[in-house]
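# Fold and contact review
Here are the chains, one letter per residue:
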Amino acid sequence: MKYLLIDCDPGHDDALAILTACAHKEELKILGITTVGGNQTLEKVTKNAGNILNFIHEEIPLAPGQEGPLVKTLSPAPEAHGDSGMDGPYFKKKEYPLASDNGVTFLYEKIMESPEKVTIAALAPLTNIALLLKTFPQVKEKISCISMMGGGIHHGNRTALAEFNIYADPEAAQIVFASGLPVVMAGLDVTEKATVSVEQIESLKEKGRVSRLAYELLSFYHETGKQFGFTESPIHDLCAVAYLLEPDMFSGTYEHINVITEEGRARGLTYADRRLTCGEKKNVLVLDQVDRQRFAELLFAALEQLDHKEVC
Ligand code: RIB
Ligand code: CA
């Protein structure tokens, strides 16, 4: 059993990661979910997180964190996720209660009161996590791992060199990588291999209520993915949760990762220092391979489980 906190910016792929985590109560005890400005504004991504939790009748504590990055201003991604941040599905208007108005202190409190060390699934810009580590450094001894979606060793997506979550807040990312905590980095090197096919998306259409929601999420996300050249859309954030459930579905290498924070074309670039003389801790497991069949099976089994729960 892992005690889990999820930090996210739903976001179609965030939503699928949350659904998958919620389908694995035996393995993941979700202590709470926090949101951060990223794909869309804090208000929109928090509303989206609440809609997902309402849809599956969950009561997981939800708290909004930071509106935007530590230094710069927020630059959402409507081109990928739409104006709402999670375009496609229709959700009944139902407020989801907020457990706190400060996601960073919420994370701190949940970690300190947890009976076990806590795992963090970071699916968005790392602003909340960086502030948590800087404001309450004592939490480090109660964090077992940060499994994050972000970065990339060979290329970017927000720019040629930087991935969206890191580019959104490079200073925050540098704080997290430099924390020395065990980090699993699901960057673009692996997440762009973590896709489902159009046929697989279609297969969800009539399977069940939650599968239908995933169909609507993936259908929209597949369409917007085409503008970036994808024939199958990567479910980036699901990799960070899938690793916690089936780590042997992935492979990678331990690295010492740094982030370019200086102004310029490389801002947000993540790189590994592979010099033999690099005495720094290789605390980051950079994933680069995924068993695509197992990845898709994990998602579809989770959706089926949630469909079944609906019926009972
Ligand atoms: O680059 C992909 C990441 O940016 C994912 O977390 C997606 O949700 C967006 O936030
Ligand atoms: Ca995200």
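Refer to the structure printed above.
Structural notes, computed from the coordinates. From a predicted model like this one, the values you see are computed outputs, not experimental measurements.

## Observations concerning the pairing of strand E5 (residues 143-149)
Within E5, 6 of the 7 residues are buried, which leaves it mostly tucked inside the rest of the structure. As judged from the 5 bridges shared by strand E4 (residues 118-122) and E5, these two strands associate in the parallel manner. Considered in E5, the bridge of Thr119 is made with Cys145. Crossover handedness for the path E4 to helix H5 (residues 127-135) to E5: right-handed. One ladder, built from 4 bridges, connects E5 with strand E6 (residues 183-186); its direction is parallel. If you follow Ser147 over to E6, its bridge partner there is Val184.

## A look at helix H11 (residues 236-245)
The element H11 is extensively covered by neighbouring structure, given that 10 of its 10 residues are classed as buried. Listed in full, the buried residues belonging to H11 are His236, Asp237, Leu238, Cys239, Ala240, Val241, Ala242, Tyr243, Leu244 and Leu245.

## Regarding the site of ligand 1
Close to ligand 1 lie 13 residues; Asp13, Asp14, Asn157, Glu163 and Asp237 are nearest. Contact between ligand 1 and Asp9: an oxygen atom at 3.2 Å from a side-chain N or O atom of the residue. Asn165 places a side-chain nitrogen or oxygen 2.9 Å from an oxygen atom of ligand 1. The protein chains hide 97% of the 280 Å² of surface that ligand 1 would expose on its own. Secondary structure elements with two or more residues in the shell around ligand 1: helix H1 (12-22), helix H6 (164-168) and H11. Here the residues of the shell around ligand 1 sort into 3 nonpolar, 5 polar and 5 charged.

## Description of the side chain of Thr270
With respect to the helices and strands, Thr270 occurs in strand E9 (residues 270-272). Here the side chain of Thr270 touches Gly152 through a polar contact of 2.8 Å, landing on its backbone oxygen. If near-sequence neighbours (up to four positions away) are discounted, Thr270 is found in contact with Gly151, Gly152, Ile153, Ile166, Phe177, Met185, Ile257, Asn258 and Val259.

## With respect to the nonpolar core
With 62 residues, the main nonpolar core has Ile6, Leu19, Ile33, Phe250 and Phe295 as its most contacted residues. With near-sequence residues (within four places) excluded, Leu19 lies in contact with Ile52, Ile56, Val210, Leu213, Leu303 and Leu306. With 32 residues, the next largest nonpolar core counts Tyr3, Leu107, Ile120 and Ala272 among its residues.

## Here's the deal with the sheet that holds E4
With mixed pairing, the 8 strands of this open sheet are ordered in space as E3-E2-E1-E4-E5-E6-E10-E7. Bordering the open sheet on either side are strand E3 (62-64) and strand E7 (250-255), each of which pairs with just one other strand. Strand-to-strand, the axes of this sheet are offset by a mean angle of 25°, without reference to chain direction. Against the sheet, helix H2 (residues 42-55) touches strand E2 (28-35) and E3, its axis set at about 170° to E3.

## With respect to H2
Across its 14 residues, H2 extends 20 Å between first and last C-alpha, which sits within 8% of the 20 Å expected from 1.5 Å per residue. Those residues of H2 that sit buried are Leu42, Val45, Thr46, Asn48, Ala49, Gly50, Asn51, Ile52, Leu53, Asn54 and Phe55. A positive backbone phi angle near 55° is found at His57, which sits one or two residues after H2.

## What to know about the packing of aromatic side chains
In the structure shown here, the tally under the stated rule is 3 aromatic pairs. Relative to Phe91, the ring of Phe55 lies with its centre 6.1 Å away and its plane at 85°, an arrangement referred to as edge-to-face. Taken together, the positions of Phe55 in helix H2 and Phe91 in the loop between helix H3 (78-81) and helix H4 (103-113) put the pair 36 residues apart, joining distant regions of the chain. For Phe55, a relative accessible area of 15% corresponds to the buried category.

What counts, and at which threshold
Residues numbered from 1 in each chain as written. Chains lettered and ligands numbered in written order. Predicted model: local features only at pLDDT ≥ 70, side-chain atom pairs only at ≥ 80, totals over all residues. Heavy atoms only, no water. Buried < 20%, exposed > 50% of the residue type's maximum accessible area, 1.4 Å probe, protein only. Helix = DSSP H or I, 4+ residues; strand = E, 2+ residues; numbered from the N terminus. Pairing = 2+ DSSP bridges. Right-handed = clockwise from strand over helix to strand, strands pointing away. Near = heavy atom within 4 Å. Polar contact = N/O pair within 3.5 Å; in protein donor to acceptor, adjacent residues only side chain to side chain. Areas by Shrake-Rupley, 256 points an atom, 1.4 Å probe, with all protein chains shown as cover. Nonpolar A, V, L, I, M, F, W, Y, C, P; charged D, E, K, R; others polar. Contact = heavy atoms within 4.5 Å. Core = buried A, V, L, I, M, F, W, Y, C linked by side-chain atoms within 4.5 Å. Axes fitted to C-alpha atoms, helices over the stretch in contact; angles between N-to-C directions. Expected span 1.5 Å × (residues − 1). Phe/Tyr/Trp six-rings, centres within 6.5 Å; stacked < 30°, edge-to-face > 60°.

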